[in-house]
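Report on the structure
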Amino acid sequence: MGIDSLLYSTHVGWMDSSAGPETDVAISSRVRLARNLDAVPFPHLLNEQTGKKVIDLVKQACSQSEYEPLRSLQGVTFDQLSELDRQILMEKHLISPQHAHFNDSYRGLLVNEDGSRSIMINEEDHLRIQGLLPGFDLEKCNDAVQMLDDELEKVLTYAFDGYRGYLTACPTNVGTGMRASVMLHLPGMAMTAQTNRIFHNIGQLGMTVRGLYGEGTEILGNFYQLSNQVTLGLSEEEICHNLTLVTRQIIEQERRVRDSLQKGMAYQLQDRIGRAYGLLSHAGIISSNEALTLLSDLRLGVDLGLITHIQATAINELIVAIRPAHLQKRAGQEMDAFQRDIKRAEVIKDILFRK
Amino acid sequence: MQCDECKQKPATVHLTEMYNGQKSEMHLCPSCAAKKGALMFDPNQFNIPNLLGGFLGGNQALQGAGLANPTTQATCQNCGVRFMDIRNTGKLGCPNCYQAFEDELESALKRIHGNSQHTGKIPLRSGEKTRIKRQVEDLKEQLQSAILAEDYEKAAEIRDALKEIEKKLD
Ligand SMILES: [Zn+2]
Ligand SMILES: [Zn+2]
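Residues numbered from 1 in each chain as written. Chains lettered and ligands numbered in written order. Predicted model: local features only at pLDDT ≥ 70, side-chain atom pairs only at ≥ 80, totals over all residues. Heavy atoms only, no water.

Turning our eyes to something else, we now look at the side chain of S17 of chain A. Residue and element names in this part refer to chain A. Looking at where S17 falls in the secondary structure, it is placed in the loop between α1 (4–8) and β1 (26–35). Taking the relative accessible area as the measure of exposure, S17 reaches 10% and is therefore buried. Among residues more than four places away in sequence, those in contact with S17 are T23, R299, A312, T313 and N316. (Helix = DSSP H or I, 4+ residues; strand = E, 2+ residues; numbered from the N terminus. Buried < 20%, exposed > 50% of the residue type's maximum accessible area, 1.4 Å probe, protein only. Contact = heavy atoms within 4.5 Å.)

Next up on the list: the coordination of the zinc ion (ligand 2). Residue and element names in this part refer to chain B. Of the protein atoms, only C76 (SG), C79 (SG), C94 (SG) and C97 (SG) coordinate the zinc ion (ligand 2), at distances of 2.3 to 2.4 Å. Between the four donor atoms coordinating the zinc ion (ligand 2), the angles at the centre fall across 100 to 124 degrees, so the site counts as tetrahedral. All donors to the zinc ion (ligand 2) come from one chain, and their sequence spacing reads C-x2-C-x14-C-x2-C. For C76, a relative accessible area of 2% translates into the label buried. (Donors = N, O, S within 2.8 Å, 3.2 Å for Na, K, Ca; no water. Tetrahedral: all angles 85-135°; square planar, octahedral: opposite > 155°, others 65-115°.)

Our focus in this paragraph is the nonpolar core. Counting residues in hydrophobic clusters, the biggest one holds 113 residues, and the most contacted among them are L109, I119, I129, L152, L184, L226 and L318 of chain A. Counting contributing residues per domain, this core is built from domain 1 (3–258) and domain 2 (265–352) of chain A, each supplying no fewer than three. Leaving out residues up to four positions away in the same chain, L184 of chain A has contacts with V25, A26, N222, F223, Y224, L226, T247, I250 and I251 of chain A. F42, A159 and A169 of chain A together with C76 of chain B belong to the second largest nonpolar core, which has 17 residues in total. (Core = buried A, V, L, I, M, F, W, Y, C linked by side-chain atoms within 4.5 Å. Domains from an automatic or database assignment.)

An α-helical turn contains 3.6 residues, so any two residues separated by three or four positions project in the same direction. Helix length check: helix α5 (residues 102–113) of chain B, at twelve residues, gives a terminal C-alpha distance of 16 Å against a target of 16 Å (1.5 Å per residue), a fit within 8%. Those residues of α5 of chain B that fall on the buried side of the exposure criterion are E104, L105, E106, A108, L109, I112 and H113 of chain B. (Expected span 1.5 Å × (residues − 1).)

All names here are of chain B. Scored by pLDDT, chain B has a mean of 73; 67% of the residues are at 70 or more. Averaged pLDDT values for the elements of chain B fall to 26 in strand β3 (residues 50–51) and rise to 94 in helix α4 (residues 97–100). Residue range residues 37–70 is modelled with pLDDT below 50. Its contacts to residues more than four positions away, or to other chains, number 92 contacts. Scoring of the predicted complex yields 0.83 for pTM and 0.87 for ipTM. (pLDDT = per-residue confidence, 0-100.)

Glancing now at the sheet that holds strand β8 (residues 178–185) of chain A. Residue and element names in this part refer to chain A. The eight strands are arranged β2-β3-β4-β5-β1-β8-β10-β9 in an open sheet whose pairing can be described as antiparallel. Lying at the two open borders of the sheet, with one neighbouring strand each, are β2 (74–77) and β9 (207–210). Ignoring strand direction, the axes of neighbouring strands in this sheet form an average angle of 20 degrees. Pairing between strand β3 (residues 108–111) and strand β4 (residues 117–121): four bridges, direction antiparallel. Bridged to L110 within β4 is I119. On top of the sheet, helix α2 (residues 48–63) reaches β2, β3, β4 and β5 (127–134); it is set at about 10 degrees to β3, its chief contact. (Pairing = 2+ DSSP bridges. Axes fitted to C-alpha atoms, helices over the stretch in contact; angles between N-to-C directions.)

A word on the domain arrangement of chain A. Residues and elements named next belong to chain A. Segmentation of chain A into domains returns domain 1 (3–258) and domain 2 (265–352). Each of domain 1 and domain 2 has a C-alpha centre, and these two points are 26 Å apart. Counting residues at the interface gives 28 residues for domain 1, matched by 25 residues for domain 2. Between domain 1 and domain 2, the buried area comes to about 2,400 Å², and carbon and sulfur atoms account for 64% of it. By the criterion of area lost to domain 2, the three top residues of domain 1 are T10, E91 and M191, representing 23% of everything that side buries. For the pair domain 1 and domain 2, the number of links is two salt bridges. (Buried area = accessible area lost by both parts, 1.4 Å probe. Salt bridge = Lys/Arg side-chain N within 4 Å of Asp/Glu carboxyl O.)

Now for the packing of aromatic side chains. The final tally for this structure, using the stated rule, is four aromatic pairs over all chains. On the numbers, 4.9 Å between centres and 65 degrees between planes, the contact of F160 of chain A with Y166 of chain A is edge-to-face. Ring geometry for F83 of chain B and F101 of chain B: centres 5.4 Å apart, planes at 50 degrees, overall tilted. Linking F83 of chain B in helix α3 (residues 83–89) with F101 of chain B in the loop between α4 and α5, this pair joins segments that are 18 residues apart in sequence. On the accessibility criterion, F101 of chain B (0% relative accessible area) is buried. Grouped by ring-pair contacts, the aromatic residues Y158, F160 and Y166 of chain A constitute a single cluster. Directly above the aromatic system of Y158 of chain A lies the positively charged group of R35 of chain A, at a separation of 5.8 Å from the ring centroid. The residue whose ring lies beneath R35 of chain A is Y166 of chain A, and the NZ or CZ to ring-centre distance is 3.4 Å. (Phe/Tyr/Trp six-rings, centres within 6.5 Å; stacked < 30°, edge-to-face > 60°. Lys NZ or Arg CZ within 6 Å of the ring centre and 35° of its normal.)

Confidence in the prediction of chain A, expressed as mean pLDDT, is 93, and 98% of residues score 70 or more. Within chain A, β5 of chain A carries the highest mean pLDDT (98), whereas helix α8 (residues 195–200) of chain A carries the lowest (79).

For the rest of this paragraph, the subject is helix α7 (residues 152–169) of chain B. All names here are of chain B. If you check α7, its first and last C-alpha atoms are 26 Å apart, about what 18 residues at 1.5 Å a residue would give, namely 26 Å. Taken residue by residue, α7 has A155, I158, L162 and I165 as its buried positions. In an axial view of α7, the angular spread of the buried residues amounts to 90 degrees, which keeps them on one side of the axis. In this structure, α7 carries E153, E157, K163 and K167 as exposed residues pointing more than 90 degrees from its buried face. Buried residues in α7 make contact with α6 (128–148). (Arc of directions from axis to C-beta.)

Right, here's the structure in full:
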């Protein structure tokens, strides 16, 4: 019951490539709203008692709501979860790496069955309302979080100021409190050394690029998370619109590059993808970095139609299933790096060739 | 330096563009750069102009911006956090801190976002006042342009509407 399926299954909603638009390049889209309760200290200053009040207020607002998507959210507090389980939620992008460190009873998560809607409680802000969907669908993510936000606000009194907007613990989020992001897979542009040039300059558009797991994480497997940096002075629609324009152009460019690679370097491309496939299906020990690099090549093969018997969704699932916490959860025991490399090779075969 | 585009906000983004051997410079605030940049982004060439200046960072930007020079020993009455603490952690103590340190935050916010005023969503239930204020501002702008256009009939109409709305504010 509750969030168990999110802990035990390797699959969550955003991985389902058949359910979203532009999934040949865009893995997933996400919109997150930071909200705080009026006059209550921000989470980093909360003690157990006041923190509990915050979580109770939010839970009550959800359970008593007439809005089904809000009422049906399942809650868990971090004192009820092992560190491994919190890591599992983090690897699935349902909580942030920072949030996963805490085991407090006043911090937690409210989440729906497929992980497409969730609320982190007492992370950096009292609430972080998240919409997370497969493919390139910022608008739908935004609609989902705005609806949840409106419903919550019927009951909760937010810290809002007419001049500064929604007030947040960190001034980098104040105003709309909105962070919109798209996870992109750009093997073509990476192969032709175009990504650095683009992303080096993305800051001037009020945007930023990160790795798979957000701030401070490495770019691995050619997965890039593009998100807005400016939250104040633009409307929610403008933020989504700007990010959508830039993303659309990157997607178009990636497709063009793939196309020209396929025309001009067909043999090299086929060789590279074939080698990735061979290693992934026969390796017995494999590191996380190597696996992600090869999965990126394999994914390109699937998207180009060079590999037809493997689903893109299975590869999305593997991006998460080969992470340390998921491997250990699957094995039912703690494992050192070497043991994980062995388990990883096994899991890759399991999921790729699952009937 | 002011933004070349909106002529209001400070320019923190500086672009140089080479065009037929001619160099042209543009100085923009981040929000105008965001609007413009999305269009300048030519997918065929990816000739994004070189970035010479300001990049919007996270806490570093905050620490490097206005917050680097704490002018006061001020403390937030609600949570007890001092301005020094905010500078060190990059985090405010509570929502009231925004009021308590309004002046100190102003320049930091401009530096981070290129703006210091919210133009987005207003909460449905508790945002009634803000919504009215924004309507008033809009009408005042319309009034100005009606007067400039010497459309006195329209100006009179807007004035009436303004009076109606301002009643609600009291
Ligand atoms: Zn401007
Ligand atoms: Zn305070």
